[in-house]
Amino acid sequence: QVQLVESGGGLVQAGGSLRLSCKASGSIFIINGMGWYRQAPGKQRVLVADITSGGTTNYADSVKGRFTISIDNAKNTVYLQMNSLKPEDTAVYYCNAEYTDYIVQDDLRSWGQGTQVTVSS
């Protein structure tokens, strides 16, 4: 079983910055990729950014140029640096990991519990 623990959310004014962190632990043989999704009230969960263990990144158009995702493979930790935040970035941010589990010996996917990001205007 794998656990994802997120941190770094909070309240910030428009134009400000926050850095989210997510550490994966448990029966991980290898992390294949990690990512961040967000869900605003009344809306579906959508991809914000993801990254492979090799460092290939992918961003939603709405955050390109403002957010940066990075990964520390040695620590099984993914980060999301969020700059120039806007009120429309307000959402619960969820960490996601795709990994090979050494107990079930299969590729699995896990989610974190979510962390609230609120951007005031």
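The structure this text deals with has already been given above.
Residues numbered from 1 in each chain as written. Predicted model: local features only at pLDDT ≥ 70, side-chain atom pairs only at ≥ 80, totals over all residues. Heavy atoms only, no water.

Asks: Go over the overall build of the chain with me, naming the residues and quoting the values.
Replies: Helix and strand content of the chain: 0 helices and 11 strands. Reading the secondary structure of the chain in the N-to-C direction produces β-β-β-β-β-β-β-β-β-β-β. The C-alpha radius of gyration of the chain comes to 14 Å, within 12% of the 14 Å expected for a compact globule of 121 residues. Taken over the C-alpha atoms alone, the chain extends approximately 45 × 25 × 20 Å along its principal axes. Buried residues in the chain amount to 42% of all 121 residues. (Helix = DSSP H or I, 4+ residues; strand = E, 2+ residues; numbered from the N terminus. Rg over C-alpha atoms; globule rule 2.2 N^0.38 Å. Buried < 20%, exposed > 50% of the residue type's maximum accessible area, 1.4 Å probe, protein only.)

Asks: Just give me the short version of the state of the cysteines, but keep the residues and values in it.
Replies: Counted according to the given criterion, the structure contains 1 disulfide. With its sulfur 2.0 Å from that of its partner, Cys-22 forms a disulfide with Cys-95. Between Cys-22 and Cys-95 the disulfide shows an S-S torsion of about -85 degrees. By sign, it is left-handed. In this pair, Cys-22 sits in strand S3 (residues 18-26) while Cys-95 sits in strand S9 (residues 91-101), placing the two residues 73 residues apart along the sequence. Residue Cys-22 is classed as buried on the basis of its relative accessible area, which comes to 0%. In this structure Cys-95 comes out as buried when scored by relative accessible area, which is 0%. (Disulfide = S-S within 2.5 Å.)

Asks: Outline the environment of Gly-114, supporting the account with residue identities and numerical values.
Replies: Locating Gly-114 in the fold gives a position in the loop between strand S10 (106-111) and strand S11 (115-120). Overall, the relative accessible area of 17% leaves Gly-114 in the buried class. The sequence separation of Gly-114 and Tyr-93 amounts to 21 residues, and the corresponding C-alpha distance is 5.3 Å. Setting aside residues up to four positions removed in sequence, Gly-114 forms contacts with Glu-6, Val-92, Tyr-93 and Tyr-94. (Contact = heavy atoms within 4.5 Å.)

Asks: Let's hear about the sheet that holds strand S7 (residues 67-72): which residues, and what values?
Replies: One open sheet holds the 4 strands; their spatial order is S1-S3-S8-S7, and the pairing between them is antiparallel. Strands with a single pairing partner mark the edges of an open sheet, and in this sheet they are strand S1 (2-7) and S7. Shown here is a sheet whose adjacent strand axes are inclined to one another by a mean of 15 degrees, direction ignored. When S1 meets S3, the two strands line up antiparallel, connected through 6 bridges. Residue pairing for S3: Val-5 is matched across the bridge by Lys-23. (Pairing = 2+ DSSP bridges. Axes fitted to C-alpha atoms, helices over the stretch in contact; angles between N-to-C directions.)

Asks: Can you explain unusual backbone geometry? Please cite residues and give values.
Replies: Residue Asn-76 is not a glycine yet carries a positive backbone phi of 50 degrees. If you trace the backbone, Asn-76 turns up in the loop between S7 and strand S8 (77-82). Backbone geometry places Ser-84, a non-glycine residue, at a positive phi of 50 degrees. The partly exposed category is assigned to Ser-84, whose relative accessible area is 40%.

Asks: So, the nonpolar core: which residues are in play, and what are the values?
Replies: The nonpolar side chains of soluble globular proteins are, as a tendency, buried together. One finds Met-34, Trp-36, Leu-80, Met-82 and Tyr-93 to be the most contacted residues of the largest nonpolar core, which totals 31 residues. At the level of secondary structure, the elements contributing two or more residues to this core comprise S1, S3, strand S4 (28-39), strand S5 (46-52), S7, S8, S9 and S11. Setting aside residues up to four positions removed in sequence, Tyr-93 forms contacts with Glu-6, Leu-20, Trp-36, Tyr-37, Arg-38, Val-48, Phe-67, Leu-80, Met-82, Gly-114, Thr-115 and Val-117. (Core = buried A, V, L, I, M, F, W, Y, C linked by side-chain atoms within 4.5 Å.)

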